[in-house]
Amino acid sequence: INSFETDIWGTASDIETDVTEVWISLYDNTTGEYWTGSSWDSTYTELLCNGSETWNYENTSSIDMTGKSGHEFIVSAIATDMTGCDGYDVISFIYDDTDPAAFIDPIAEYVNTAPDITGGSTDNFMLDYVKVQLTYNDGTDHYWDFDTQTWTSTETWKEIDQTGTYDTWDLTASDPTSMDYTLSL
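So, here is what we can say about the structure in this document.

How each quantity is defined
Residues numbered from 1 in each chain as written. Predicted model: local features only at pLDDT ≥ 70, side-chain atom pairs only at ≥ 80, totals over all residues. Heavy atoms only, no water. Buried < 20%, exposed > 50% of the residue type's maximum accessible area, 1.4 Å probe, protein only. Helix = DSSP H or I, 4+ residues; strand = E, 2+ residues; numbered from the N terminus. Pairing = 2+ DSSP bridges. Phe/Tyr/Trp six-rings, centres within 6.5 Å; stacked < 30°, edge-to-face > 60°. Lys NZ or Arg CZ within 6 Å of the ring centre and 35° of its normal.

1. Notes on the pairing of strand β1 (residues 8-11)
Here is the key point about a regular strand: its side chains alternate between the two faces of the sheet. Residues of β1 alternate between two faces, with Ile8 and Gly10 buried on one and Trp9 and Thr11 left unburied on the opposite face. The pairing of β1 with strand β7 (residues 54-57) spans four bridges and is classified as antiparallel. Directly across from isoleucine 8, in β7, lies its bridge partner tyrosine 57.

Structure, rendered in structure tokens:
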């Protein structure tokens, strides 16, 4: 993830009795520190959540993630029932607030047919997709739809799946019309 835009939340249940409370711990596995609710510290800390069977930790916007890009985090949820029995669940994630890089391979300035358009992207952790847009520069809004191989006035982006930390892509625009094209990522 690259931000805590929403709460940390989940569900808990017990077959025998009601769940009375849920606590979480947020552990920075890279530094060995826990979020205390106001700062990072090496002391194990549990944070009380709102709710019980459907629960959430609302204070995510206060979590200081400065300098944490690339760190692995572990969220542990501890649910307690009416008899004092606990149930646990754990999930981990890597925090990444570094933008990936995308590139377009050079295309000759003048061509007499639509060229293959190639490029790639790279990221420190894991790529998901790149979006590519082809427009032509005549003062109006014309976008190339790579799926239908036609021009349209509707803004169109081609989403291409990317995997790993480095991946390439290849698109073909089959329109032979002579125009001044702009390719965007």
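2. With respect to the pairing of strand β11 (residues 116-122)
In this structure, strand β10 (residues 101-104) lies alongside β11, joined through four bridges in antiparallel fashion. Note on β11: the bridge partner recorded for phenylalanine 103 is glycine 120. Note that β11 and strand β16 (residues 166-172) share seven bridges and pair antiparallel. Looking across to β16, one finds that isoleucine 117 is bridged to leucine 171.

3. A word on the packing of aromatic side chains
Applying the stated criterion to the full structure yields eight aromatic pairs. Look at tryptophan 40 and phenylalanine 73: their rings are 5.7 Å apart centre to centre, the planes differ by 45 degrees, and that puts the pair in the tilted class. Of the two residues, tryptophan 40 sits in strand β4 (residues 40-41) while phenylalanine 73 sits in strand β8 (residues 72-81), which places them 33 residues apart along the sequence. Of the two residues examined, tryptophan 40 and phenylalanine 73, each falls in the buried class. Ring centres of phenylalanine 103 and tyrosine 166 lie 6.3 Å apart, and the angle between their planes is 20 degrees; this geometry places the pair in the stacked category. One end of the pair, phenylalanine 103, is in strand β10; the other, tyrosine 166, is in strand β16, and 63 residues separate them in sequence. A relative accessible area of 29% places phenylalanine 103 in the partly exposed class. The structure contains a cluster of three or more aromatic residues connected by ring pairs, namely Trp35, Trp40, Phe73 and Phe93. A cation sits over an aromatic face here: lysine 68 above tryptophan 40, 4.5 Å from the ring centre. Sitting over the face of the ring of tryptophan 157, lysine 131 holds its NZ or CZ atom 5.9 Å from the ring centroid.

Note that every value here comes from positions in space, so none of it alone points to a role or purpose.
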